[in-house]
2 protein chains.
Amino acid sequence: MSEAEEYSYIGKRVPRVDAIWKVTGKAEYFGDVKLPHMLIGKILTSPYPHARIISIDTSKAERLSGVRAAVTSKDMPETALDFYLPGMKGVLFENFPLAIDKVRFIGKEVAAVAADNESIAEEALKLIDVKYEVLEAIFDPEQSMKPNAPRLYDGVENNIARTLSKTHGEVDKGFEEADYIFEDEFKTQPQYHSAMERKGCVCSWDVEGNLTMWTPTQTPHLIRWEVSTVLEISMAKVRVINPNCGGGFGAHAHIVHPYMIICAILAKKAGKPVKVEFGRGEDFAYAATAPPFIVKLKSGVRKDGKLTAREVKMIVDCGAHTLSALGQMKLGYYTACVHLYKAPNIKFDGYVVYTNNPIRTLPYRGFGNPQVAWAIESQMDIIADKLGMDPMELRLRNLFEPGEISVTGCKFDAYGLPECIKKAAETANWSEKKREGMPNRGIGMACLVHISGQVVYDSIETSSVLLIAKEDGSFDLYTDCSEIGTGIWTVCQQIAAETLGTRLEDIKVTGGDTAVGVFELGSYASRATYSVGNAVKIAATDMMQQLFEVAATMLAAKVEDLEAKDGEIYVKNAPEQKVPISEVTYYAHFKLGKVLISKGIWNMPIGPYDPSADRWPPPGMCTSYPFGCQVAEVEVDPKTGKVELLSLTAAHDVGFPINLNSVEGQIEGGLVMGCGYALTENLTTEEGRVLVTDFADYFVWRAPDIPQIKPIVVTTNDSYGPFGAKGLGEPVLVPTAPAIANAIYDAIGVRIKELPVTSEKILKALKERR
Amino acid sequence: MSEAEEYSYIGKRVPRVDAIWKVTGKAEYFGDVKLPHMLIGKILTSPYPHARIISIDTSKAERLSGVRAAVTSKDMPETALDFYLPGMKGVLFENFPLAIDKVRFIGKEVAAVAADNESIAEEALKLIDVKYEVLEAIFDPEQSMKPNAPRLYDGVENNIARTLSKTHGEVDKGFEEADYIFEDEFKTQPQYHSAMERKGCVCSWDVEGNLTMWTPTQTPHLIRWEVSTVLEISMAKVRVINPNCGGGFGAHAHIVHPYMIICAILAKKAGKPVKVEFGRGEDFAYAATAPPFIVKLKSGVRKDGKLTAREVKMIVDCGAHTLSALGQMKLGYYTACVHLYKAPNIKFDGYVVYTNNPIRTLPYRGFGNPQVAWAIESQMDIIADKLGMDPMELRLRNLFEPGEISVTGCKFDAYGLPECIKKAAETANWSEKKREGMPNRGIGMACLVHISGQVVYDSIETSSVLLIAKEDGSFDLYTDCSEIGTGIWTVCQQIAAETLGTRLEDIKVTGGDTAVGVFELGSYASRATYSVGNAVKIAATDMMQQLFEVAATMLAAKVEDLEAKDGEIYVKNAPEQKVPISEVTYYAHFKLGKVLISKGIWNMPIGPYDPSADRWPPPGMCTSYPFGCQVAEVEVDPKTGKVELLSLTAAHDVGFPINLNSVEGQIEGGLVMGCGYALTENLTTEEGRVLVTDFADYFVWRAPDIPQIKPIVVTTNDSYGPFGAKGLGEPVLVPTAPAIANAIYDAIGVRIKELPVTSEKILKALKERR
């Protein structure tokens with residue numbers, strides 16, 4: 001990190017711009033929005049997993065005193081709410097704001113009311129009379145694919161919503177070259193995003209027919225676009241404000257949720273602002289988790305540990321609506337199956353399958369990667385065990401060579417995976433611990449590769465920001481990237497201040513409000529630092545040039561001889577010749593009439609997606625790949641099956657850390673989520689009904705539960721990222737579960753292939769083994 | 001107006017973007033801002049016109065239950081609130097937010113409190129004990145200049161705050177060439193701005209130390225700068241919002257008012273938001289009117305009516321603080337004395353004089369021009385009468401030739417004054433009416449030249465806007481120019497839509513909030529249409545180019561072959577080859593990753609002010625001069641002196657009308673203000689105390705009082721203005737009073753030289769004549 005020493009702010013531990021708001025409790029969330037005459041909206045949902053709606057009668061509800069509006073699908077726009085809605089061609093128009101003729105899962109929105117207060121609204125819901133004809137339902141995705149299973153949609157054969165097949169190399173030949181063939185099936189569970197803020201929004205229409213929506217979102221700009229598209233009004237008439245976002249994790253990425261449209265229409269019909277705010281139970285019942293995957297993995301391996309071929313079959317239970325399921329399956333395949341280890345010959349068949357389970361295909365931290373990495377990294381240890389090889393050694397033997405091209409034609413610019421493995425192993429005393437082999441104690445490892453943003457809408461991966469100099473040398477930086485808690489605004493502040501040579505406090509970052517924002521995809525896909533950061537660097541470089549031009553006049557110097565630091569511009573070889581930036585901006589505005597505005601537009605330098613070409617750039621991939629390796633150490637009580645996590649070591653190639661505090665915070669947060677994914681969290685359903693109503697039933701790891709965490713920051717200086725930085729938000733979660741499961745196997749020799757690895761499963765496996 | 005026929009929106013009658021808000025009563029003003037825990041601030045002012053403050057004791061007030069903060073000058077920043085505060089060198093540091101050691105007028109702010117409600121705050125003011133040593137006061141500016149008058153400031157000789165002298169040509173020679181010499185003295189009164197919204201603001205500090213101020217202002221950007229300068233905090237920490245502004249007329253231009261700083265400091269001290277809102281009585285008492293002028297005019301005229309020389313002496317009563325007095329005197333001199341009629345030899349001596357009258361030197365519609373035009377245009381009729389010449393003919397003989405250069409080196413690009421005179425006279429049947437000579441009926445004329453913006457801070461006259469394309473072909477246009485009721489946002493919308501070839505409703509104008517604004521001087525000096533309009537045109541032209549580049553790809557055409565109209569871009573010679581702008585923006589964003597942002601920066605093309613050179617550009621002048629001629633027809637009752645206004649004809653050279661509705665609205669509004677200035681309005685004081693407490697004591701003309709108004713729009717196509725447009729806001733008021741006074745003289749042969757021309761004055765003059 002020698003570069004960091006040259007920097008004023010990059011690579012340092014910089015306090016978060018939003019810290020004081022959050023620690024003082026002054027940060028306002030949509031739930032804090034209180035508008036005059038605001039009503040409370042409540043949504044009636046389906047009690048049946050599969051049923052035909054015969055009739056809906058809201059007349060009794062409407063007559064209840066204090067009820068201001070009641071709506072059914074008849075009041076709704078006729079546009080379905082699909083993922084990547086207007087850009088993606090051929091989407092299935094299936095998820096309407098309110099169910100039209102059928103409900104396909106328990107929890108599907110059926111009708112809604114707005115009333116003076118919550119209790120009236122709840123009372124009104126009870127007065128809505130919905131007559132259903134109950135239909136046979138299906139909950140198991142593999143059963144759902146069978147010919148005689150009940151069908152969710154007319155014309156959809158075997159409930160298969162989407163398929164994806166890929167072949168790279170010669171798979172049969174690869175298996176012929178193998179000394180061993182391994183076949184395993186792995187499963188993952190639905191995990192709840194566990195954002196501390198419950199879902200909801202406030203909608204208010206003004207006299208001109210403009211809609212303002214306050215809602216936690218990772219993508220205000222996209223939500224504005226989608227809401228305006230669905231409501232069939234101009235984008236000029238929609239303003240989306242993300243006041244603050246109490247956790248994203250994918251739940252608030254891209255998706256225009258039904259409650260948003262329902263709330264908007266209720267507000268319009270009632271002529272008053274409406275707030276819809278889920279209770280915790282509703283938030284659990286809305287579910288909308290990561291899709292559970294079934295991954296069937298067949299791998300050919302030579303005696304020396306080299307992979308020769310892989311055949312992968314995935315079945316993704318998308319519930320009743322595909323939403324992001326295909327994207328997640330695709331990303332999981334490319335990252336974990338293709339780009340993590342060299343597997344020259346691969347065949348992939350993926351199926352997104354409808355069931356009558358609740359929506360489970362929202363984006364989720366990792367976007368398919370954790371599900372597939374669970375399979376790949378579990379099987380790597382099965383292979384190592386069979387070959388009698390150190391699992392670390394097996395992994396190292398299957399890495400790419402520096403500069404090597406993947407079967408997809410992909411080259412990893414900054415390939416920090418070997419160093420991540422090395423550093424994680426060193427820090428965790430891997431070899432020593434492996435030798436020790438203490439009873440019931442074990443150590444496990446898993447690796448990851450991920451993306452820093454990905455091409456969406458077929459073609460683009462874009463961020464843009466505006467930087468505006470103020471007369472006194474302070475600067476406004478506008479981004480429509482939400483600060484959802486990741487520290488991105490601080491990253492923006494650092495990059496702008498570093499590039500401009502100004503002081504940190506002179507950069508005011510504003511955003512998360514489409515009224516002040518420029519085109520921005522948002523805060524998801526581990527893209528914000530990479531993409532928004534690049535846009536900020538471009539804008540700041542341009543601004544610096546503008547400042548230098550003015551300063552050159554003031555200092556009677558040449559532009560190319562100037563440098564800036566700590567709020568002053570000076571002549572490189574004569575630093576006593578200097579002028580404060582505040583005087584430069586004053587002079588520019590009031591003496592020259594120069595208004596200093598710069599824009600920064602970043603487009604990931606990847607050509608448009610050509611679906612006919614199976615080559616780089618592959619769909620959904622990027623320029624800058626984050627890598628990582630995590631090592632878990634556990635002790636398992638063989639009597640109870642209880643797993644005690646002793647330590648977690650996480651080495652992550654972040655390219656270059658912009659804010660060390662935030663990098664370590666992301667690592668710690670991701671590991672906590674990974675612990676839950678590995679061991680405890682499971683949003684269980686029974687016959688399509690979510691059984692969890694409360695955090696009492698759903699174990700999210702809290703401070704006292706967390707083991708010792710050792711974050712290791714690996715620096716590789718990516719060519720494309722700003723100051724060499726790559727993404728980190730999602731990667732951290734990816735390898736945690738297999739690392740822990742591998743450690744459990746190492747400790748007591750049982751292999752659990754279905755997440756979460758509960759004490760019950762361990763105990764059962766131990767009993768079966770005995 | 002043949003050009004208008006080619007335009008889609010320019011020159012048309014376009015509904016105002018803010019109309020629906022205002023007619024439905026939904027437009028929110030600062031008075032509507034209600035924040036949680038907001039306190040009410042009240043200000044204690046001096047009851048003496050001149051006194052030394054011995055002590056201020058707020059302890060009793062502070063102990064009153066419900067009082068949250070009390071402040072005196074000790075709590076205030078030590079920066080005085082002067083006009084053009086940080087840019088103007090050598091200003092007198094005289095107007096502190098709260099009086100420090102002396103009070104110099106009745107109404108000077110002395111202390112303030114913030115309390116839970118208004119009655120507690122008022123009660124608290126009574127408990128503040130201020131001990132004064134009363135000093136001798138002076139109220140007449142001419143007396144004030146005498147050696148033995150009481151002095152307001154140490155070191156200010158004869159209470160003369162500022163002087164300005166100019167000589168052009170050879171004045172003595174000019175008078176020698178004259179056949180007649182006229183010497184007259186004219187006086188004007190203080191006129192109240194009569195904004196329907198009373199003054200005030202709401203201030204709120206957040207946990208990060210950022211100040212948000214809601215206040216009606218014509219210049220949010222400058223107010224942000226001045227407030228941050230006075231409070232000694234970064235501009236990044238100040239946000240000024242002009243929610244709506246219930247009338248500007250100069251009262252809210254530039255000036256950071258004491259109540260703003262007091263409110264901010266009260267809010268900081270109390271730790272809660274504070275609202276300060278003047279009652280109507282307080283608003284009258286705060287006075288802050290246009291400065292009353294004494295103009296002594298000596299004019300030499302040949303028998304043929306040609307002016308040969310002029311000697312002008314002005315005395316401007318600025319009260320205790322100069323503020324904009326010097327600027328107004330200067331502008332009044334240049335417009336009415338130098339640029340209205342050719343007077344080759346001119347000598348000018350101006351004095352800004354302190355008195356113990358209330359503040360009377362806020363900017364005011366016309367900025368000195370109405371005061372001086374009152375003198376010039378009254379004397380023109382005196383001259384015509386003496387020469388036995390038609391006053392119109394006298395005026396026409398003293399106009400500039402087309403292309404002629406003034407003594408100040410100034411060339412009028414689009415010189416519509418002759419046409420204004422011709423059209424006004426035709427419409428008013430001038431010659432016929434003059435011939436008729438009906439008893440007690442009269443007709444009078446007066447002309448004007450004004451500015452469209454002027455150079456400030458020595459160097460600049462700048463506007464800037466941002467134009468951002470949205471994905472669906474709608475556009476955000478950001479300006480920090482307030483919509484203060486003049487229609488400027490509609491003008492912005494028209495210019496952007498016309499230039500882009502899009503639909504009107506696709507342009508959303510946002511502004512009046514420094515959080516979304518770029519550098520903008522504001523809405524004053526008849527500059528907004530000219531300067532902001534130019535900035536919009538620049539931004540839209542750039543945006544059009546960006547759109548054409550994308551469309552050229554889509555249409556496989558050349559950029560230079562494209563045109564846009566009504567939301568479509570088409571090939572000029574093959575209009576069937578076309579694409580909607582909405583598809584162009586969609587394609588740009590989602591297929592090309594092109595983010596379409598343009599900035600428009602307009603700088604009046606005038607070099608920096610060189611005070612040593614008495615040449616073009618003269619200080620405070622511009623590129624684009626609005627002209628006008630008004631004709632008034634009256635009937636005077638010789639028994640009562642009562643004047644009945646029969647009709648007002650107003651021909652104004654607006655360059656080119658952007659929005660005909662707004663142009664006519666400005667003309668009508670200006671005339672109404674002019675009627676009050678001419679006949680009824682006078683914010684009278686007695687021994688420095690404002691006597692008016694209510695509109696019952698102050699006659700502003702209302703709908704039933706208004707005579708028939710005939711607005712005439714003269715088009716001259718200014719080279720610098722957007723689509724040829726010049727300013728109009730201020731000019732309309734300028735000639736109304738002398739036109740009416742000249743008509744009164746024409747009717748009954750009495751000449752009143754002091755405004756307003758009341759029935760009493762007429763009756764007295766009639767009696768004196770008899």
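Heads up: the structure comes first, above all this text.
What counts, and at which threshold
- Residues numbered from 1 in each chain as written.
- Chains lettered and ligands numbered in written order.
- Predicted model: local features only at pLDDT ≥ 70, side-chain atom pairs only at ≥ 80, totals over all residues.
- Heavy atoms only, no water.
- Buried < 20%, exposed > 50% of the residue type's maximum accessible area, 1.4 Å probe, protein only.
- Helix = DSSP H or I, 4+ residues; strand = E, 2+ residues; numbered from the N terminus.
- Pairing = 2+ DSSP bridges.
- Axes fitted to C-alpha atoms, helices over the stretch in contact; angles between N-to-C directions.
- Contact = heavy atoms within 4.5 Å.
- Parallel < 35°, antiparallel > 145°, perpendicular 65-115°, else oblique.
- Left-handed = near helix turned anticlockwise from the far one by under 90°.
- Expected span 1.5 Å × (residues − 1).
- Salt bridge = Lys/Arg side-chain N within 4 Å of Asp/Glu carboxyl O.
- Buried area = accessible area lost by both parts, 1.4 Å probe.

## A short note on the pairing of strand β1 (residues 39–45) of chain B
All names here are of chain B. β1 sits mainly inside the fold: six of its seven residues count as buried. Relative to strand β5 (residues 109–115), β1 is paired through six bridges, and the arrangement is antiparallel. In the sheet register, I40 faces β5, and the bridge partner there is A115.

## What about the sheet that holds strand β16 (residues 441–449) of chain B?
Residue and element names in this part refer to chain B. Here four strands make up an open sheet; going across it, the order is β16-β24-β25-β28 and the pairing mixed. Looking at which strands have only one partner, the edges of the open sheet turn out to be β16 and β28 (708–715). Between one strand and the next, the sheet's axes are offset by a mean angle of 15°, whatever the strand orientation. Across ten bridges, strand β24 (residues 627–636) lies against strand β25 (residues 643–655) in antiparallel orientation. Bridge pairing in β25 places V636 opposite V643. Together, β24, β25 and β28 form the strand contacts of helix α18 (residues 660–680), whose direction differs from that of β25 by roughly 135°.

## Details of the packing of helix α11 (residues 369–387) of chain B against helix α19 (residues 736–748) of chain B
All names here are of chain B. The interhelical angle for the contact between α11 and α19, taken along N-to-C directions, is 30°, at an axis separation of 8 Å. In terms of their interaxial angle, α11 and α19 are classed as roughly parallel. Between α11 and α19 the crossing geometry is right-handed. Residue-level inspection shows A373, W374, E377, S378, D381 and D385 of α11 in contact with α19, the latter providing A737, P738, A741, N742 and Y745.

## Details of helix α19 (residues 736–748) of chain A
Residue and element names in this part refer to chain A. Relative to the 18 Å expected for 13 residues at 1.5 Å per residue, α19 spans 18 Å between its end C-alpha atoms, a close match to the ideal helical length. Burial within α19 is extensive, with eleven of its 13 residues counted as buried. Along α19, the residues classified as buried are T736, A737, P738, A739, I740, A741, N742, A743, I744, A747 and I748. Positive phi appears at G749, one or two residues downstream of α19, with a value of about 75°.

## Some details on the pattern of salt bridges
Inspection of every chain in the model, using the stated rule, returns 75 salt bridges over all chains. In this structure, K422 of chain B engages E426 of chain B in a salt bridge whose closest nitrogen and oxygen atoms are separated by 3.8 Å. Residue K422 of chain B and its partner E426 of chain B are both found in helix α13 (residues 417–427); the two are separated by four residues, about one turn of the helix. On the basis of relative accessible area, E426 of chain B is assigned to the partly exposed category, the value being 49%. Taking the shortest distance from any N to any O, the salt bridge between K434 of chain B and D746 of chain B comes out at 3.2 Å. Taken together, the residues span a long stretch of sequence, with K434 of chain B in helix α14 (residues 430–436) and D746 of chain B in helix α19 at a distance of 312 residues. On the accessibility criterion, D746 of chain B (30% relative accessible area) is partly exposed. The structure contains a network of salt bridges with shared partners spanning K42, E118, E122 and E282 of chain A.

## A short note on the interface of chain A and chain B
Counting from both sides, the interface comprises 53 residues of chain A and, opposite them, 53 residues of chain B. Together, the buried faces of chain A and chain B total about 4,400 Å²; carbon and sulfur atoms form 60% of this surface. When the buried area of chain A at its contact with chain B is split by residue, V207, F590 and V595 of chain A rank highest and sum to 14% of it. Applying the counting rule to chain A against chain B returns two salt bridges. Between D476 of chain A and R224 of chain B there is a salt bridge, with its nearest N and O atoms 3.6 Å apart. Put simply, the parts of the chain that give the side of chain A that touches chain B at least two residues each are α2 (19–23), α7 (220–231), β17 (462–469), β18 (475–479), α17 (581–590) and β23 (597–603) of chain A.

Taken by themselves, the reported measurements are silent on function.
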